[in-house]
Amino acid sequence: MIPLTVMVFGIAESIIETEPEDGFVIGGIFGLFATFVFVESLKRTHGRNIVIMGLLFAFGSLMTSLYPIFRGEIAELSPYAALGVLSFSFLAFFSYYKIIFSERFFKTIPQATIETPELRGVHLESPEGFENLKESLKDYPVLAFMRGLNSPEGWTTYKFSTIEGENVIYPTDLYRITDFVFRYLTEAKNKGVKGVVVLEGLEFLRVYNDFKAVAKMIASVRDYVLSYEGALIVVLDEKAWDEKELNTLKRMLL
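In what follows, the accompanying structure is described. The model shown is predicted, which means the values in this text are computed figures rather than measured ones.

**As for the overall build of the chain**
Right, so step 1: Summing up its helical and strand segments, the chain has 10 helices and 6 strands in all.
Right, so step 2: Out of the 254 residues belonging to the chain, those deemed buried represent 39%.
Right, so step 3: Sequence separation of 24 or more characterises 67% of the internal contacts of the chain that already satisfy a separation of 6 or more.

What follows is the structure, given as structure tokens:
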């Protein structure tokens, strides 16, 4: 997205200006800024791979800005310049491939000794009932979003919190939940296993969001899970909800 934006920006600038050099310089500077934002927003979920890709994008943006200065030298070294561009393109493509196809949620495929859970569809559980269910899923690669309860070591767990940290989701970033669920279920389908998603701490999310926003997120997660024939476990403390909102959630989920 960033290289395409820089390219379009440079073309537009070259059309407006008599001399297109300004387009290269400004486009390169914009690319550096956009790369920084890109890496910062994704490094928590993609780690080293996104940092490497960002460095490649930053280098490409820097070369774009410097092109007007070294245009003559590049023309004289055209065969080597072409080889450099080809190598850079290959590295950029490889880093993109690593991000798209790298394992994120399933570090290992469940072995035959691990029984696939019989769970299917949506299940509403109290915090107490969830503790028993959690024991039966402790060895399965579950994707969990939690606030107050602990999760087994083998799960991929994201915590709702207002304090930044690893695998932390800020309570107003509801879009990240649906994004993670979609990618998790897609990966589960590709590996031929059932996706199991746990949502706990919705009462905490309700404090920071209006009910419609939370309900919309839950409905999206439910639709994803059902379309991928997975299982969704929603942990609700019914005493913490307004009766009208609680009934709406139940109708929406069950």
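**What to know about the packing of helix H7 (residues 174-191) against helix H9 (residues 211-227)**
Right, so step 1: Look at H7 against H9: their axes get within 10 Å of each other, and the N-to-C directions meet at 5°. Comparing the axis directions of H7 and H9 gives the class roughly parallel. On the side of H7, the interface is formed by Leu174, Ile177, Thr178, Val181, Phe182 and Leu185, while H9 contributes Ala213, Val214, Met217, Ser220, Val221, Tyr224 and Val225.
Right, so step 2: Grouping the amino acids of the contact of H7 with H9 by side-chain chemistry returns 11 nonpolar, 2 polar and no charged.

**Things to note about unusual backbone geometry**
Right, so step 1: Positive phi outside glycine occurs at Asn167, with the angle close to 55°.
Right, so step 2: Along the chain, Asn167 turns up in the loop between strand S3 (156-160) and strand S4 (168-169).

**Observations regarding a nonpolar patch on the surface**
Right, so step 1: A cluster of nonpolar side chains, Tyr170, Val207 and Tyr208, forms an exposed patch at the surface whose accessible area comes to about 300 Å².
Right, so step 2: Within the element layout of this structure, Tyr208 appears in helix H8 (residues 202-208).

**Brief notes about the nonpolar core**
Right, so step 1: Core analysis: the largest hydrophobic core is formed by 50 residues, its most contacted members being Phe145, Ile177, Val197, Met217, Val221, Leu232 and Ile233.
Right, so step 2: Not counting chain neighbours up to four residues away, the residues in contact with Val197 comprise Leu143, Phe145, Val181, Tyr184, Leu185, Val221, Val225, Ala231, Leu232 and Ile233.

**Focus on the packing of H9 against helix H10 (residues 243-253)**
Right, so step 1: For the pair H9 and H10, interaxial distance at closest approach is 10 Å and the crossing angle is 20°. Classified by the interaxial angle, the pair formed by H9 and H10 is roughly parallel. The way H9 lies across H10 gives a crossing that is right-handed. Where H9 abuts H10, its residues Phe211, Ala215, Ile218, Ala219 and Arg222 lie against Glu245, Thr248, Leu249, Met252 and Leu253.
Right, so step 2: Here the residues of the contact of H9 with H10 are counted per class, giving 7 nonpolar, 1 polar and 2 charged.

**Points about the pairing of strand S6 (residues 231-235)**
Right, so step 1: Taken across its 5 residues, S6 has 5 buried, putting it largely inside the fold.
Right, so step 2: Where strand S1 (residues 121-125) lies against S6, 5 bridges are found, and the strand directions are parallel. For Val122, the partnering residue across the bridge sits in S6 and is Leu232.
Right, so step 3: Across 5 bridges, strand S5 (residues 196-200) lies against S6 in parallel orientation. Residue Leu199 lies in a different strand from S6, and its bridge partner there is Val234.

**What to know about the sheet that holds S6**
Right, so step 1: Across the sheet, which stays open at both edges, the 6 strands sit in the order S1-S6-S5-S2-S3-S4 with parallel pairing between neighbours. At either margin of the open sheet sits one strand with a lone partner, and together these are S1 and S4.

**Observations regarding the packing of aromatic side chains**
For any two aromatic rings, the description comes down to two numbers: the centre-to-centre distance and the angle of the planes.
Right, so step 1: Inspection of the entire model under this criterion finds 8 aromatic pairs.
Right, so step 2: The interplanar angle of 15° and the centroid separation of 6.5 Å between the aromatic rings of Phe145 and Phe160 together place this pair among those described as stacked. In this pair, Phe145 is assigned in strand S2 (residues 143-146) and Phe160 in strand S3, connecting sequence segments 15 residues apart.
Right, so step 3: A relative accessible area of 0% places Phe145 in the buried class.
Right, so step 4: By relative accessible area, Phe160 is classed as buried at 1%.

**Some remarks on H9**
Right, so step 1: The first and last C-alpha atoms of H9 sit 24 Å apart over 17 residues, in line with the 24 Å expected at 1.5 Å per residue.
Right, so step 2: Taken residue by residue, H9 has Phe211, Val214, Ala215, Met217, Ile218, Val221 and Val225 as its buried positions. Buried positions in H9, seen along its axis, are confined to an arc of 160° and lie on one side of it. Exposed and oriented more than 90 degrees from the buried face of H9 are Lys212, Lys216 and Ser227.

Rules used throughout
- Residues numbered from 1 in each chain as written.
- Predicted model: local features only at pLDDT ≥ 70, side-chain atom pairs only at ≥ 80, totals over all residues.
- Heavy atoms only, no water.
- Helix = DSSP H or I, 4+ residues; strand = E, 2+ residues; numbered from the N terminus.
- Buried < 20%, exposed > 50% of the residue type's maximum accessible area, 1.4 Å probe, protein only.
- Contact = heavy atoms within 4.5 Å.
- Axes fitted to C-alpha atoms, helices over the stretch in contact; angles between N-to-C directions.
- Parallel < 35°, antiparallel > 145°, perpendicular 65-115°, else oblique.
- Nonpolar A, V, L, I, M, F, W, Y, C, P; charged D, E, K, R; others polar.
- Patch = residues over 30% accessible without salt bridge, like charges linked within 9 Å, V, L, I, M, F, W, Y side chains within 5 Å.
- Areas by Shrake-Rupley, 256 points an atom, 1.4 Å probe, with all protein chains shown as cover.
- Salt bridge = Lys/Arg side-chain N within 4 Å of Asp/Glu carboxyl O.
- Core = buried A, V, L, I, M, F, W, Y, C linked by side-chain atoms within 4.5 Å.
- Left-handed = near helix turned anticlockwise from the far one by under 90°.
- Pairing = 2+ DSSP bridges.
- Phe/Tyr/Trp six-rings, centres within 6.5 Å; stacked < 30°, edge-to-face > 60°.
- Expected span 1.5 Å × (residues − 1).
- Arc of directions from axis to C-beta.

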